[in-house]
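# Overview (structure and organization)
Each chain is listed here by its residues.
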Amino acid sequence: LIFILVGMIITIPFEQTFILKSLALFGFYVLIRFGAVQLTLRKLDYTIKEKLFLTLNMPKGIAVAVVALMLKTRNIAGMNEILDLLLVFVMYSIRLSIITYKLAKYFIILEDKEIKNEES
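Here is a short report on the structure shown in this document. (Residues numbered from 1 in each chain as written. Predicted model: local features only at pLDDT ≥ 70, side-chain atom pairs only at ≥ 80, totals over all residues. Heavy atoms only, no water.)

## Some points on the packing of aromatic side chains
Here is the rule: A pair of aromatic rings is counted whenever rings of Phe, Tyr or Trp (Trp by its six-membered ring) have centres within 6.5 Å, and the orientation is called stacked for planes under 30 degrees apart, edge-to-face for over 60 and tilted otherwise. Note on conventions: DSSP H or I runs of at least 4 residues are helices, E runs of at least 2 residues are strands, and numbering of each starts at the N terminus. Burial here depends on accessible area, computed with a 1.4 Å probe over protein chains only, as a share of the maximum for the residue type. Under 20% is buried, over 50% is exposed, and the range in between is partly exposed.
Enumeration according to the criterion identifies four aromatic pairs in this entry. With a centroid separation of 5.9 Å and an interplanar angle of 45 degrees, the aromatic rings of F26 and Y29 are classed as tilted. Taken together, the residues F26 and Y29, both in helix α2 (residues 16–40) and three residues apart, mark about one turn of the helix. The class of F26 is buried, set by a relative accessible area of 8%. Of the residues examined, Y29 reaches a relative accessible area of 32% and is grouped as partly exposed. Taken together, a centroid distance of 5.4 Å and an interplanar angle of 85 degrees make the contact between F26 and F89 edge-to-face. Highlighted residues: F26 in helix α2 and F89 in helix α5 (residues 80–102), separated in sequence by 63 residues. With relative accessibility at 21%, the residue F89 sits in the partly exposed group. Feature note: the residues F26, Y29, F89 and Y92 constitute an aromatic cluster, connected by ring pairs.

Have a look at this one:
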C-alpha cells in the first residue's frame, strides 16, 4: 500500500539526464556498500563472492518509501528531485536484490544437504 501511495504521489522524470544521474549515484552507493562490507568482514573468512552477495542483496526500501511519502507532504522547497531519486533508488535496489537472489547459487555455496533439498 505504501508503494502504491508513493507511486501515485511522486512522479519520476524519465529524462536521459535524470536516469544517468540516478544510475551513477546508485553505482556510487553500491561501491560504498561494498566498501562497508569489506571493512566490516575484513577479519572473517568470507570469499569475495559472498561479500558481493551481501553487497548486492539490499533491503527492499519500505522505510525509505515511508520517509519519502512523509517528506512529500511537507512541501519543502527543492525536495522534488531528492524524492524522485529516493523512489528510483528503491526501485533499483528491489530489482538488484531480485537478480541477486535468482543468482544466489553462483555467490554462495550451500554445504548442508538439507538446505539444498529445500531449494529444489
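## Focus on the packing of helix α4 (residues 62–74) against α5
For any two helices packed against each other, the geometry is given by the interaxial angle and the distance between the axes. Which entries qualify depends on this criterion: Axis angles are defined between N-to-C directions and span 0 to 180 degrees, where every axis is a line fitted to C-alpha atoms and, for a helix, only to the segment in contact. Angle categories: roughly parallel below 35 degrees, roughly antiparallel above 145, roughly perpendicular from 65 to 115, and oblique for all the rest. Crossing handedness follows the turn of the near helix against the far one: under a right angle anticlockwise gives a left-handed crossing, and clockwise gives a right-handed one. What makes two residues a contact is simply this: any of their non-hydrogen atoms within 4.5 Å. Here the nonpolar group is Ala, Val, Leu, Ile, Met, Phe, Trp, Tyr, Cys and Pro; Asp, Glu, Lys and Arg are the charged ones; every other residue, Gly included, is treated as polar.
Direction vectors running N to C along α4 and α5 enclose 160 degrees, while the axes themselves pass 10 Å from each other. On the basis of their axis angle, the class for α4 and α5 is roughly antiparallel. The element α4 and its partner α5 pack so that their crossing is left-handed. For the pair α4 and α5, the contacting residues are V64, A68, L71 and K72 in the first and N80, L83, L86 and V90 in the second. When grouped by side-chain class, the residues that make up the contact of α4 with α5 number six nonpolar, one polar and one charged.

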